[in-house]
Amino acid sequence: MVMSRAIIFDWGNTLMREIPIQRRPSVHSPLVEMMPGVAEALEELHQRYICCVASNARGPEATTLGIVLERTGLDRYFQRLFTAHTMGSEKPSPEFFDGILQELEIAAIDCIMVGDDYWRDISGAKAAGMRTIWLTSSPITEGTDADVIIDSMQQLVDAVATLDSQNP
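Because the structure is a prediction, the values reported are computed rather than measured. (Residues numbered from 1 in each chain as written. Predicted model: local features only at pLDDT ≥ 70, side-chain atom pairs only at ≥ 80, totals over all residues. Heavy atoms only, no water.)

Some thoughts on the pairing of strand S1 (residues 6-10)
Moving on, step 1. In terms of burial, S1 is a largely internal element, five of the five residues being buried.
Moving on, step 2. As paired strands, S1 and strand S4 (residues 50-55) are joined by five bridges and run parallel to one another. Bridge pairing links Phe9 to Val53 in S4. (Buried < 20%, exposed > 50% of the residue type's maximum accessible area, 1.4 Å probe, protein only. Helix = DSSP H or I, 4+ residues; strand = E, 2+ residues; numbered from the N terminus. Pairing = 2+ DSSP bridges.)

Some points on the pattern of salt bridges
Moving on, step 1. Following the criterion strictly, the structure yields nine salt bridges and no others.
Moving on, step 2. Residue Arg58 pairs with Glu90 through a salt bridge whose shortest N-O separation is 3.2 Å. A residue pair is termed long-range when its members are at least 10 positions apart, and Arg58 in the loop between S4 and helix H2 (59-72) and Glu90 in the loop between helix H3 (84-87) and helix H4 (94-104) qualify at 32 residues.
Moving on, step 3. When the shortest N-O distance is used, the salt bridge between Arg131 and Asp164 registers 3.5 Å. A residue pair is termed long-range when its members are at least 10 positions apart, and Arg131 in strand S7 (residues 131-135) and Asp164 in helix H6 (residues 156-165) qualify at 33 residues.
Moving on, step 4. Since its relative accessible area comes to 7%, Arg131 is described here as buried. (Salt bridge = Lys/Arg side-chain N within 4 Å of Asp/Glu carboxyl O.)

Overview of the packing of aromatic side chains
Moving on, step 1. By the definition in use, this model includes three aromatic pairs.
Moving on, step 2. Ring centres of Phe96 and Phe97 lie 5.6 Å apart, and the angle between their planes is 80°; this geometry places the pair in the edge-to-face category. Each member of the pair, Phe96 as well as Phe97, carries the same accessibility label: buried. (Phe/Tyr/Trp six-rings, centres within 6.5 Å; stacked < 30°, edge-to-face > 60°.)

Here it is, written out as C-alpha coordinates:
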(Lines give C-alpha, C1' and ligand atoms only; values in the text may rest on other atoms or scores of the structure.)
Protein backbone atom coordinates (compact mmCIF):
# COMPACT_ATOMS: atom_id res chain seq x y z
CA MET A 1 0.00 0.00 0.00
CA VAL A 2 1.31 3.45 -0.93
CA MET A 3 0.62 6.20 1.57
CA SER A 4 0.73 9.64 0.05
CA ARG A 5 2.91 12.31 1.58
CA ALA A 6 1.73 15.36 -0.36
CA ILE A 7 -1.41 16.68 -2.00
CA ILE A 8 -1.08 19.37 -4.66
CA PHE A 9 -4.16 21.48 -5.35
CA ASP A 10 -4.97 23.42 -8.50
CA TRP A 11 -6.22 26.96 -7.84
CA GLY A 12 -9.09 27.91 -10.16
CA ASN A 13 -12.34 25.96 -9.81
CA THR A 14 -10.60 23.52 -7.47
CA LEU A 15 -9.77 25.66 -4.42
CA MET A 16 -11.32 28.95 -5.52
CA ARG A 17 -14.30 29.56 -7.75
CA GLU A 18 -13.44 31.43 -10.91
CA ILE A 19 -16.03 34.12 -11.47
CA PRO A 20 -16.77 34.60 -15.21
CA ILE A 21 -16.73 38.42 -14.93
CA GLN A 22 -13.28 38.34 -13.41
CA ARG A 23 -11.14 35.38 -14.48
CA ARG A 24 -8.27 36.13 -12.09
CA PRO A 25 -8.35 36.59 -8.30
CA SER A 26 -7.86 40.04 -6.86
CA VAL A 27 -7.01 41.14 -3.36
CA HIS A 28 -9.63 43.88 -3.56
CA SER A 29 -12.34 41.81 -5.20
CA PRO A 30 -15.34 40.55 -3.25
CA LEU A 31 -15.81 38.00 -6.05
CA VAL A 32 -13.16 35.54 -4.82
CA GLU A 33 -14.79 32.62 -3.05
CA MET A 34 -13.81 29.15 -1.93
CA MET A 35 -15.26 26.14 -3.64
CA PRO A 36 -17.81 24.38 -1.41
CA GLY A 37 -16.23 21.79 0.87
CA VAL A 38 -12.65 23.05 0.50
CA ALA A 39 -12.14 24.33 4.06
CA GLU A 40 -13.59 21.17 5.61
CA ALA A 41 -11.44 18.88 3.45
CA LEU A 42 -8.29 20.89 4.12
CA GLU A 43 -8.94 20.92 7.86
CA GLU A 44 -8.72 17.15 7.86
CA LEU A 45 -6.07 16.58 5.18
CA HIS A 46 -3.45 19.13 6.26
CA GLN A 47 -2.93 17.19 9.49
CA ARG A 48 -1.59 14.14 7.60
CA TYR A 49 -0.24 15.50 4.32
CA ILE A 50 1.96 18.25 2.96
CA CYS A 51 -0.58 20.45 1.17
CA CYS A 52 0.50 22.77 -1.63
CA VAL A 53 -1.05 24.92 -4.34
CA ALA A 54 -0.03 24.70 -8.02
CA SER A 55 -1.11 27.46 -10.39
CA ASN A 56 -0.20 28.74 -13.84
CA ALA A 57 -0.30 32.29 -12.46
CA ARG A 58 2.45 34.67 -13.58
CA GLY A 59 3.57 38.18 -12.63
CA PRO A 60 1.43 40.21 -10.23
CA GLU A 61 -1.27 37.57 -10.36
CA ALA A 62 1.13 35.05 -8.78
CA THR A 63 1.72 37.24 -5.74
CA THR A 64 -2.01 37.83 -5.38
CA LEU A 65 -2.68 34.13 -4.79
CA GLY A 66 -0.95 34.11 -1.40
CA ILE A 67 -2.82 37.22 -0.33
CA VAL A 68 -6.14 35.67 -1.33
CA LEU A 69 -5.29 32.49 0.59
CA GLU A 70 -4.52 34.62 3.64
CA ARG A 71 -7.71 36.65 3.26
CA THR A 72 -9.84 33.50 3.09
CA GLY A 73 -7.98 31.83 5.98
CA LEU A 74 -6.81 28.94 3.80
CA ASP A 75 -3.15 29.95 4.04
CA ARG A 76 -2.73 27.99 7.28
CA TYR A 77 -3.32 24.72 5.42
CA PHE A 78 -0.61 25.12 2.78
CA GLN A 79 3.12 24.64 3.11
CA ARG A 80 4.02 25.81 -0.40
CA LEU A 81 2.60 27.82 -3.29
CA PHE A 82 3.99 26.85 -6.71
CA THR A 83 3.25 29.17 -9.64
CA ALA A 84 4.34 29.31 -13.25
CA HIS A 85 6.11 32.52 -12.24
CA THR A 86 8.28 30.81 -9.60
CA MET A 87 8.69 27.49 -11.43
CA GLY A 88 9.64 28.94 -14.82
CA SER A 89 7.18 26.62 -16.59
CA GLU A 90 3.45 25.92 -16.68
CA LYS A 91 1.15 22.98 -16.16
CA PRO A 92 1.01 20.51 -17.91
CA SER A 93 4.74 20.57 -18.69
CA PRO A 94 6.80 17.82 -17.06
CA GLU A 95 9.22 20.49 -15.82
CA PHE A 96 6.48 22.08 -13.70
CA PHE A 97 5.52 18.85 -11.94
CA ASP A 98 9.09 17.54 -11.69
CA GLY A 99 10.09 20.86 -10.14
CA ILE A 100 7.43 20.45 -7.44
CA LEU A 101 8.65 16.94 -6.66
CA GLN A 102 12.25 18.13 -6.43
CA GLU A 103 11.31 21.07 -4.18
CA LEU A 104 9.32 18.80 -1.86
CA GLU A 105 11.97 16.05 -2.06
CA ILE A 106 9.39 13.31 -2.57
CA ALA A 107 8.77 10.61 -5.16
CA ALA A 108 5.97 11.09 -7.69
CA ILE A 109 4.06 8.06 -6.38
CA ASP A 110 3.90 9.78 -2.96
CA CYS A 111 2.08 12.78 -4.42
CA ILE A 112 -1.57 13.33 -5.37
CA MET A 113 -2.60 16.11 -7.76
CA VAL A 114 -6.17 17.42 -7.38
CA GLY A 115 -7.54 19.56 -10.19
CA ASP A 116 -10.45 20.37 -12.45
CA ASP A 117 -8.62 20.80 -15.77
CA TYR A 118 -8.01 17.36 -17.23
CA TRP A 119 -5.31 18.42 -19.66
CA ARG A 120 -3.34 20.79 -17.41
CA ASP A 121 -3.82 19.17 -14.01
CA ILE A 122 -4.48 15.48 -14.52
CA SER A 123 -2.61 14.50 -17.69
CA GLY A 124 0.40 16.63 -16.69
CA ALA A 125 0.60 15.09 -13.22
CA LYS A 126 0.07 11.56 -14.58
CA ALA A 127 2.92 12.09 -17.06
CA ALA A 128 5.13 12.98 -14.09
CA GLY A 129 4.10 9.76 -12.30
CA MET A 130 1.78 11.32 -9.71
CA ARG A 131 -1.56 9.89 -8.69
CA THR A 132 -4.55 12.08 -9.52
CA ILE A 133 -8.01 13.13 -8.43
CA TRP A 134 -10.05 14.82 -11.15
CA LEU A 135 -12.75 17.21 -9.95
CA THR A 136 -15.31 17.37 -12.74
CA SER A 137 -19.02 17.57 -13.34
CA SER A 138 -18.57 16.15 -16.85
CA PRO A 139 -20.72 13.11 -17.56
CA ILE A 140 -17.99 11.87 -19.93
CA THR A 141 -15.19 10.33 -17.90
CA GLU A 142 -14.61 7.12 -19.88
CA GLY A 143 -11.15 6.72 -21.33
CA THR A 144 -9.43 9.00 -18.84
CA ASP A 145 -6.46 7.94 -16.77
CA ALA A 146 -7.42 9.88 -13.64
CA ASP A 147 -7.04 7.60 -10.62
CA VAL A 148 -10.21 8.88 -8.91
CA ILE A 149 -12.98 11.12 -10.24
CA ILE A 150 -15.08 13.29 -7.92
CA ASP A 151 -17.76 15.88 -8.63
CA SER A 152 -17.39 17.95 -5.45
CA MET A 153 -14.71 18.82 -2.91
CA GLN A 154 -16.93 17.25 -0.25
CA GLN A 155 -15.78 13.90 -1.69
CA LEU A 156 -12.06 14.70 -1.48
CA VAL A 157 -11.19 13.15 1.89
CA ASP A 158 -12.77 9.83 0.85
CA ALA A 159 -11.03 10.00 -2.55
CA VAL A 160 -7.63 10.45 -0.89
CA ALA A 161 -8.37 7.53 1.45
CA THR A 162 -9.31 5.40 -1.58
CA LEU A 163 -6.01 6.19 -3.29
CA ASP A 164 -4.01 5.49 -0.15
CA SER A 165 -5.72 2.11 0.29
CA GLN A 166 -4.91 0.95 -3.26
CA ASN A 167 -1.73 -0.76 -4.30
CA PRO A 168 0.10 1.06 -7.10
